[in-house]
Amino acid sequence: MVQKQWMAHAKDRIRYLGRYKNSELKLDHHLISQLNHLKEFGYVMLFNIFEAYEFQQAQIQYKLELEEKLNFETPCLAQNKIDILKHKVLLDNYLRYTPHQYAEQGIAFTKSEVSSYQQVLDEFRPSSLKTYIPSNDLFYKIWLHPMVLNIVEAYMGLRPYLVEAYLRRNFPADHKVMNHFWHRDTNHPDYLVKAFIFFFRL
């Protein structure tokens, strides 16, 4: 047992080689203050690190990708294809199934069935549409802002790396679990630490 634990620890140290103890991270007074606030209250607020036009441009780009280019992940669960009695087991175990498994059960739609954004909403009524971010530097500038990354690194003791990123537009759903009443994430096979970053315009 001890040997297995040691091997697992060694595996992690090798996998994340170079991500510990970043000597370039300077814990100045401002960063220390933010870090202490995060540790005590569980959140930190950052002001004026982005301009309003940057968010506007990101919104325009996202709207183009989603509504015009129809760039969203399929198969996608379609509420209008669900029979509550027939698919009760699937609904009760919503988070255990993949989109492809829902397609096999006939309660998902595929890209070949899509003709327009409005048609998708009207005909299939998805609870969520997932769009992987386009190759646009603006999204990376927002999500990988040095100040945000420094706070994460100071808090976790590990330099963060972006593994995946996507935008999700959620819609009203008939079932609590589809409204994210409760959910779990299995994005990564080994570890997952999730932080929520909210952007407000005052």
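Residues numbered from 1 in each chain as written. Predicted model: local features only at pLDDT ≥ 70, side-chain atom pairs only at ≥ 80, totals over all residues. Heavy atoms only, no water.

1. Overview of the overall build of the chain
The number of helices and strands found in the chain is 8 helices and 4 strands. Counting from the amino terminus, helix and strand elements in the chain follow one another as α-α-α-β-α-α-β-α-β-α-α-β. Among the 202 residues that make up the chain, the fraction classed as buried is 31%. Sequence-distant contacts, at least 24 apart, represent 77% of the contacts inside the chain between residues at least 6 apart. (Helix = DSSP H or I, 4+ residues; strand = E, 2+ residues; numbered from the N terminus. Buried < 20%, exposed > 50% of the residue type's maximum accessible area, 1.4 Å probe, protein only. Contact = heavy atoms within 4.5 Å.)

2. Details of the pattern of salt bridges
All chains considered together, the criterion is met by 7 salt bridges. One salt bridge in this structure joins K141 and E54, with 2.5 Å as the shortest N-O distance. Within this pair, whereas K141 is found in helix α7 (residues 137–143), its partner E54 is found in helix α3 (residues 52–68), the two being separated by 87 residues in sequence. For K141, a relative accessible area of 45% translates into the label partly exposed. Taking the shortest distance from any N to any O, the salt bridge between K81 and E113 comes out at 3.2 Å. Remark: E113 occurs in the loop between β2 (108–109) and α6 (117–123) and K81 occurs in the loop between β1 (76–77) and α4 (88–92); sequence separation between them is 32 residues. We classify K81 as partly exposed; its relative accessible area is 28%. Look at E113 and you get partly exposed, because its relative accessible area is 31%. (Salt bridge = Lys/Arg side-chain N within 4 Å of Asp/Glu carboxyl O.)

3. Points about the nonpolar core
Counting residues in each nonpolar core, the largest one holds 24 residues, and the members touching the most others are F72, F109 and L129. For this core, the secondary structure elements donating two or more residues are α3, α6 and α7. When residues of this core are assigned to their parent elements, the largest contribution, 4 residues, is made by α3. For L129, the residues in contact, after removing those within four places along its chain, are L66, F72, C76, F109, Y117, L167, R168, R169 and F171. (Core = buried A, V, L, I, M, F, W, Y, C linked by side-chain atoms within 4.5 Å.)

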